[in-house]
Amino acid sequence: MYEPIVVTGLGAVSPLGAGVAANWNRLIAGQSGIRANNRFDTDKWKCRIAGLVPHRSEDSEGFDPEASMDPRELRRTDVFIHYAMAAAHEALDQAGWHPENPDDRMRTATVIGTGVGGVPAITAANEVIRTSGVRRLSPFVVPSFLPNLAAGQVSIRFGFHGPAGAPVTACAASAQAIGDAMRLIRTGEADIALCGGAEGCVDPVAIGGFTAAKALSFNFNDEPQRASRPFDIDHDGFVLSEGAAMLVIERLSHAEQRGARPLAVLSGYGTTTDAHHVTAGWPDGREAGRAMEIALAMAGVETGAISYVNAHATSTPVGDAAELAALEKVFGPGGGGTPVGSTKSATGHMLGAAGAIEAVFSILAIQNRMLPPSLNVEQPMPEAEGFNLLSHGACPAEVNHVLSNAFGFGGVNAALVFSRHE
């Protein structure tokens, strides 16, 4: 019998704002972080919207990069690392984990996933070569964009010498990072871990590439806040977003010994591979459903005890339909009446950081006994008939167990279960 693993710290930066409190308050209020993309000139682009992290200069609860990194560090690192550092600071501060003891540092793991790493840094470096020549490249270019450098920079900043990891499994990356960290603690390789994900690829290459793949929404360019509409019949693609989210997880006895307050229990994790198609899962959701079943079995939780499913639901017709099929396989017709929502309706799709921000929201749903709303579900798609999609605003509820899904290109499926700590 494994000792429970508890969550003791949370951190978040998303299009809804910087900080866990701002994210939760705006999510529950039904606000959206989707807006016109002013990161670069999109005048002639098919997709002209994105989920942009607001800057402190434009939003009192926006992101201030210099709060976590000095200007020199910021110049030498890509934006996904900036977001990761801010979320890590917040999570570690809440957990009260800033160890000075060398043994404690050696027993601290750092696992931070990303979908693509520093695409803007790569794009900018290519432009330098084109306009000024290769000799003008900075020696910090490569470490600025490597996917593992979010975990690397965070571990350097805080002096964590335990195992480090960086899953790069597309949109399942940060859910797998949390699951990998859980395994490290279960196997005794670490006592505590900082885990999550970061993404910062609102960039011409990413927007252009996903547009070419017919993956992005473009029918709501003039109404950005209506664009992310999981499970709605008018969904036409996901909204590319950015940000980071982090969890501090540890053995219950470790938390109790140091007087830390458990926020929830990380009770289950399951992951599978479709081995079917590069960008689409099985239409019947078979492997996505199996990941959920593995997570539920690890948690020792029956489907009827799940209070809420935070679905992966990105707002793509194929993906949303496959997830609904998977949920019916696991929970029964209409999901067995279990409330199913998608917080991506408010944040857009944060790619490799999506699983982590949705884990944060799942834990807050348990803590606050509140189910977040699904925005823009005006007419559910036919496959959603009978499902409770939380389309009428935030809903008070007794939330004891939450299932959170994350699926990625390449056929990667990950599911996490969070439970109330008694």
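Conventions and cut-offs
- Residues numbered from 1 in each chain as written.
- Predicted model: local features only at pLDDT ≥ 70, side-chain atom pairs only at ≥ 80, totals over all residues.
- Heavy atoms only, no water.
- Core = buried A, V, L, I, M, F, W, Y, C linked by side-chain atoms within 4.5 Å.
- Buried < 20%, exposed > 50% of the residue type's maximum accessible area, 1.4 Å probe, protein only.
- Helix = DSSP H or I, 4+ residues; strand = E, 2+ residues; numbered from the N terminus.
- Phe/Tyr/Trp six-rings, centres within 6.5 Å; stacked < 30°, edge-to-face > 60°.
- Lys NZ or Arg CZ within 6 Å of the ring centre and 35° of its normal.
- Expected span 1.5 Å × (residues − 1).
- Salt bridge = Lys/Arg side-chain N within 4 Å of Asp/Glu carboxyl O.
- Pairing = 2+ DSSP bridges.
- Arc of directions from axis to C-beta.
- Polar contact = N/O pair within 3.5 Å; in protein donor to acceptor, adjacent residues only side chain to side chain.

Now for the nonpolar core. In terms of nonpolar packing, the biggest core is built from 52 residues, with V7, L10, I178, L247, I249, I363 and F418 touching the most fellow members. Element by element, the count of residues in this core is highest for helix α14 (residues 354-368), at nine residues. Core analysis: the next-biggest nonpolar cluster, separate from the first, contains 31 residues, A87, A95, I112 and L149 among them.

Two aromatic rings are characterised by how far apart their centres lie and by the angle between their planes. Per the counting criterion, the structure on display carries five aromatic pairs. Note on F40 and W45: the rings are 5.1 Å apart at their centroids and 65° apart in plane angle, and the pair reads as edge-to-face. On the numbers, 5.8 Å between centres and 20° between planes, the contact of F158 with F160 is stacked. Comparing F158 with F160, the two get one shared label, buried. Each member of the aromatic cluster is reached from another via a ring pair, and the members are F210, F238 and F409. Sitting above the plane of the F218 ring, K46 keeps its charged end 4.2 Å from the centroid. Positioned above the aromatic ring of W282, the side-chain terminus of R286 is 3.7 Å from the ring centre.

Helix length check: helix α5 (residues 119-132) (14 residues) gives 20 Å between terminal C-alpha atoms against 20 Å at 1.5 Å per residue, within 8%. Along α5, the positions that sit buried rather than exposed are V119, P120, A121 and A125. Immediately downstream of α5, the backbone of G133 shows phi near 100°, a positive value.

Another point: the pattern of salt bridges. Inspection of every chain in the model, using the stated rule, returns 21 salt bridges. Linking R183 and D180 is a salt bridge whose minimum nitrogen-to-oxygen distance equals 3.7 Å. Residue R183 and its partner D180 are both found in helix α8 (residues 173-186); the two are separated by three residues, about one turn of the helix. Classification of D180 as partly exposed rests on a relative accessible area of 27%. Within this structure, E223, R226, R229, D232 and E378 form a network of salt bridges that share partners.

The phi dihedral of A170 is positive, around 55°, even though this residue is not glycine. Structurally, the position occupied by A170 is in the loop between β6 (164-165) and α8. Exposure remark for A170: the relative accessible area of 17% places this residue in the buried category.

By the criterion of burial, strand β8 (residues 243-251) is predominantly enclosed, with eight of the nine residues buried. Inspection of the sheet shows strand β1 (residues 5-14) paired to β8 by eight bridges, in the antiparallel sense. Directly across from V13, in β8, lies its bridge partner A244.

Among the residues of helix α9 (residues 204-212), A206, I207 and F210 are the ones counted as buried. Buried positions in α9, seen along its axis, are confined to an arc of 95° and lie on one side of it. Along α9, the residues that are exposed and aim more than 90 degrees away from the buried face are V205 and A212. Where α9 starts, the residue carrying a side-chain oxygen 2.8 Å from the main-chain nitrogen of V205 turns out to be D203. K214 occupies a position one or two residues after α9 and carries a positive phi of about 60°.

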